[in-house]
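Topology and contacts: notes
Spelled out from the first residue to the last, the chains are:
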Amino acid sequence: MATSPDLSVSARTKYEPVIGLEVHVQLLTVTKIFCSCSTRFGDPPNTNVCPVCLGLPGALPVLNRKAVEYAVLAAMALNCRINETSIFARKNYFYPDLPKGYQISQYDKPLAEYGWIDVPGPKRIGITRLHLEEDAGKSLHEGFPDADQKTAIDLNRSGVPLIEIVSEPEISSPDEAYEYLTRLKEIILYTGVSDCNMEEGSLRCDANVSVRPRGQKEFGTKTEVKNVNSFRFIREALEYEIERQIEVIESGGRITQETRLYNAQEGKTYGMRSKEQAHDYRYFPEPDLLPLVVDEKRRSEIRKLLPELPEARRKRLVADYGITEYDAAVLTASKALADQFEVAAKSATNPKRVANLVQSELAGRLKAKGLSIEQSPISMKGVAQSADLVESGAISSKMLKDLYDLSFERNKDFSVVYEEEGRPQQSRDTSALEKTIDEVIASNPKQVEQYRAGKKTVAVFFVGQVMKASKGQANPQLVNELVAKKLGG
Amino acid sequence: MKVTEKDVAYVADLANLELSDQERARMLRDLNSILGHIDTLNELDTTNVQPMAQVSDRYDSKPGSDRFAYASREDVHEGLRKSLPHDIAVANAPDSNGTFFQVPKVIER
């Protein structure tokens, strides 16, 4: 990031940033929000278009019920209050990828309001509103022979259903903005209403940011940062923009309210040359659509579709499996992974051992190889199998470690490597073991005395010593039995 | 409420209209006459009247979500009116390269 060396630490701490985020999320419906054209990404340009989404005269929109269901589901997951009646409105502006000259959105009566997301701190960030709207088409400015003179328009995306989620201006740092977005995306992914794919534009984010002297109540003049296509870049763009604004104010200047584009290569934002009066959308109720009514009956039907959300699931995993919060966060990275883990854990004799293996054996190896848990050569099923083998005493934990190493080396699942290695078994040879135990007992007379004096817990010490001497190859259960027998006798 | 010439110029600009001086004067007259009519309507006390953006809003007695269910549809692609064939979709465009619609170079938003 291009931070200014001129800006002193004292200047920076004199101000506090105020950030609000607007997030657009594309809903995973099969057809568009107001017509039955396909929403498929990547189809040949202008093939999923019809009179409605081309804005041809006389065409009328008909609302997609699934889009409503998905929007309500997302709103519920974000703790919003659903308005029984909401109204579609026209947002009027001219742009070539907006064929009707207006976007059908919602304005003074949105679908949902008053939600929130909890971020680490802990801090609760308010969600002002969540509303339904249609997407615009796509403008292509480059990559054509006559690109210097013309802009090409693809209207396949025109009319694809979106929800817009507007946060309260309660975010007070770029890191907090990053956390808010990460959690928002995670929650939406859990609900399954969107794939939140930023490369394909299924999730887009604009940030409003201003700075004010610490302690001041009134907001400073804000700028809007657009054109940022990853959460990391949003954090960087905000960091840059905050420094820039402080610098302007510190040197006696004023912030101009404007839209700024982020250039990720340079790590800088640039003001757009735009008209003063650019933001007068002259909203009015959409006469072609009836009010949207989501009554209590419908709300309770939709509420039943709500899955267990990431935060709740993490808490439950910690409680049920005795794992750390960090590991619970790793295992809930996606709903699919968390589901796989739980199915595997429940199928194993000892679910907690599965969790512990993920934590102690899998996580470290993945980290060393720079793999995400989704890329792990050992599946959750494989972890469960290995846990059962240790549980039954068929293999030792040392052998498990070796088999895990082989899995990572060969990039094959545990079950495959276990077969390839000829289903190894740990030694149950008691004579060798007894000899080791005798040696350990002979060299630790003091502990033997303690044991015989009634301090039975000392047995743990002997088991540990024997396991160490056998380099982890011995069956701990067997060692337990033999140690108790020898010490008792 | 009265609109000024400045208001007319502002609204015309938002609507992408280029008006001659004559047209501008006529618009000023027409708009003020319309707003004068609205002023007359405003004399009525509408405190307890729900705003109505939709006439059909008045004529359906079914309760809750069933009320306007007829005006929505299932999320299915089959059996419904299909998208336009690509050549027909772009046929009436003032400018196209056969694949895309084309407009004069857009520089700013």
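Residues numbered from 1 in each chain as written. Chains lettered and ligands numbered in written order. Predicted model: local features only at pLDDT ≥ 70, side-chain atom pairs only at ≥ 80, totals over all residues. Heavy atoms only, no water.

**Comments concerning the nonpolar core**
Residues and elements named next belong to chain A. The condition that has to hold: Here, nonpolar core refers to any group of buried Ala, Val, Leu, Ile, Met, Phe, Trp, Tyr and Cys residues whose side-chain atoms link them within 4.5 Å. Exposure categories follow from relative accessible area, calculated using a 1.4 Å probe and restricted to protein chains: below 20% of the type maximum is buried, above 50% is exposed, and the middle band is partly exposed. Elements are defined by DSSP. Helices are runs of H or I of four residues or more, strands are runs of E of two residues or more, and each kind is numbered from the N terminus. We call two residues in contact when some of their heavy atoms are within 4.5 Å.
Membership of the largest hydrophobic core comes to 85 residues, with the highest contact counts inside it found for Leu78, Leu130, Leu132, Ile163, Ile165, Tyr180 and Ile188. Residue contributions to this core peak at ten residues, all from helix H3 (residues 65-77). Among residues more than four places away in sequence, those in contact with Ile163 are Val23, His24, Val25, Leu27, Ala71, Ala74, Leu130, His131, Leu132 and Ile188. Listed in part, the 35 residues of the second largest apolar core include Leu331, Leu337, Ala387 and Ala394.

**Let's talk about a nonpolar patch on the surface**
What counts, and what does not: A residue counts toward a patch only above 30% relative accessible area and without a salt bridge, and it is joined to like-charged neighbours within 9 Å or, for Val, Leu, Ile, Met, Phe, Trp and Tyr, to nonpolar neighbours within 5 Å. Per-residue and other accessible areas follow the Shrake-Rupley method at a 1.4 Å probe size, with only the shown protein chains counted as cover for residues. A pairing counts as a salt bridge when a side-chain nitrogen of Lys or Arg comes within 4 Å of a carboxyl oxygen of Asp or Glu.
A cluster of nonpolar residues, Leu31, Ile34, Ile38 and Leu41 of chain B, forms a patch on the protein surface that exposes about 330 Å² of accessible area. Assignment of secondary structure puts Ile34 of chain B in helix H2 (residues 21-41).

**Quick notes on helix H11 (residues 380-391) of chain A**
Residue and element names in this part refer to chain A. Filter applied, for reference: Expected helix span is computed as 1.5 Å times (number of residues minus one).
Given a rise of 1.5 Å per residue, twelve residues ought to cover 16 Å, and the 16 Å separating the end C-alpha atoms of H11 matches this to within 8%. Taken together, the buried positions of H11 are occupied by Met380, Gly382, Val383, Ala384, Ser386, Ala387, Leu389 and Val390. Turning to H11, the residues buried within the fold contact helix H8 (325-331), helix H9 (335-347), helix H10 (351-369), helix H12 (397-410) and helix H13 (414-420). The positive-phi residue at the C-terminal boundary of H11 is Gly393, with phi of around 85°.

**With respect to the environment of Ser396 of chain A**
Residue and element names in this part refer to chain A. Its place among the elements puts Ser396 in the loop between H11 and H12. On the basis of relative accessibility, which here comes to 2%, the residue Ser396 falls in the buried class. Those residues within four positions of Ser396 in sequence are excluded, and the remaining contacts are Val390, Gln426, Gly472, Gln473 and Ala474.

**Describing the interface of chain A and chain B**
Worth spelling out the cut-off: Put simply, buried area is the surface a 1.4 Å probe can reach on two separate parts but cannot reach once they are joined, added for both.
Taken together, the contact pairs 58 residues of chain A with 41 residues of chain B. Where chain A abuts chain B, roughly 4,400 Å² becomes buried across the two surfaces, and 54% of that area is made up of carbon and sulfur atoms. Taken together, the connections running from chain A to chain B amount to two salt bridges. Arg65 of chain A is the partner of Glu74 of chain B in a salt bridge, and the nearest nitrogen-oxygen pair spans 2.7 Å.

**Thoughts on the domain arrangement of chain A**
Residues and elements named next belong to chain A. Quick note on the threshold: The source of the domain bounds is an automatic or database domain assignment.
Domain assignment breaks chain A into domain 1 (9-301), domain 2 (310-426) and domain 3 (430-487). Using C-alpha coordinates to define each centre, domain 2 is positioned 30 Å away from domain 3. Contact residues are listed per partner, giving six residues for domain 2 and seven residues for domain 3. With both chains or domains summed, domain 2 and domain 3 bury close to 420 Å², and 39% of this area falls on carbon and sulfur atoms. Considering only the side of domain 2, the residues that lose the most area to domain 3 are Ser396, Lys398 and Gln426, jointly responsible for 66% of the buried surface there. At the surface where domain 2 touches domain 3, the tally comes to zero salt bridges.

**Here we look at the pairing of strand E15 (residues 268-271) of chain A**
Residue and element names in this part refer to chain A. For clarity, the cut-off: When DSSP locates at least two bridges between a pair of strands, those strands are taken to pair.
By the bridge criterion, four bridges tie strand E14 (residues 259-263) to E15 in an arrangement that is antiparallel. By the bridge assignment, Arg260 is partnered in E15 with Gly271. Counting the residues between successive antiparallel strands, the hairpin from E14 to E15 contains four residues, one of them, Gly267, with a positive phi of roughly 70°.

**Digging into the packing of aromatic side chains**
What describes a pair of aromatic rings is the distance from one ring centre to the other and the angle between the planes of the rings. Residue and element names in this part refer to chain A. Rules: Only Phe, Tyr and Trp rings are paired, with Trp represented by its six-membered ring, and only when their centres lie within 6.5 Å; those with planes under 30 degrees apart are stacked, over 60 edge-to-face, the remainder tilted. A ring is considered to have a charge above it if a Lys NZ or an Arg CZ atom is located within 6 Å of its centre and within 35 degrees of its normal.
Here the structure, examined in full by the defined rule, presents ten aromatic pairs over all chains. Between Tyr93 and Tyr281, the aromatic rings sit 5.8 Å apart at their centres with planes inclined by 65°, giving edge-to-face as the arrangement. Pair noted here: Tyr93 is in the loop between strand E5 (88-92) and strand E6 (102-106) and Tyr281 is in the loop between E15 and strand E16 (284-285), with a separation of 188 residues, a long-range link. Exposure remark for Tyr281: the relative accessible area of 21% places this residue in the partly exposed category. Plain terms: the ring middles of Phe414 and Tyr418 are 5.9 Å apart, the flat faces sit at 10° to each other, and that makes the pair stacked. With a gap of four residues between them, Phe414 and Tyr418 both fall in helix H13, about one helical turn apart. Judged by relative accessible area, Tyr418 falls into the buried class, the value being 4%. These aromatic residues form a ring-pair network of at least three members: Tyr93, Tyr107, Tyr281 and Tyr283. Of note, Arg90 hangs over the ring of Tyr102, and the distance from its end group to the ring centre comes to 4.0 Å. Directly above the ring of Tyr451 sits Lys456, whose terminal nitrogen or CZ lies 4.5 Å from the centroid.

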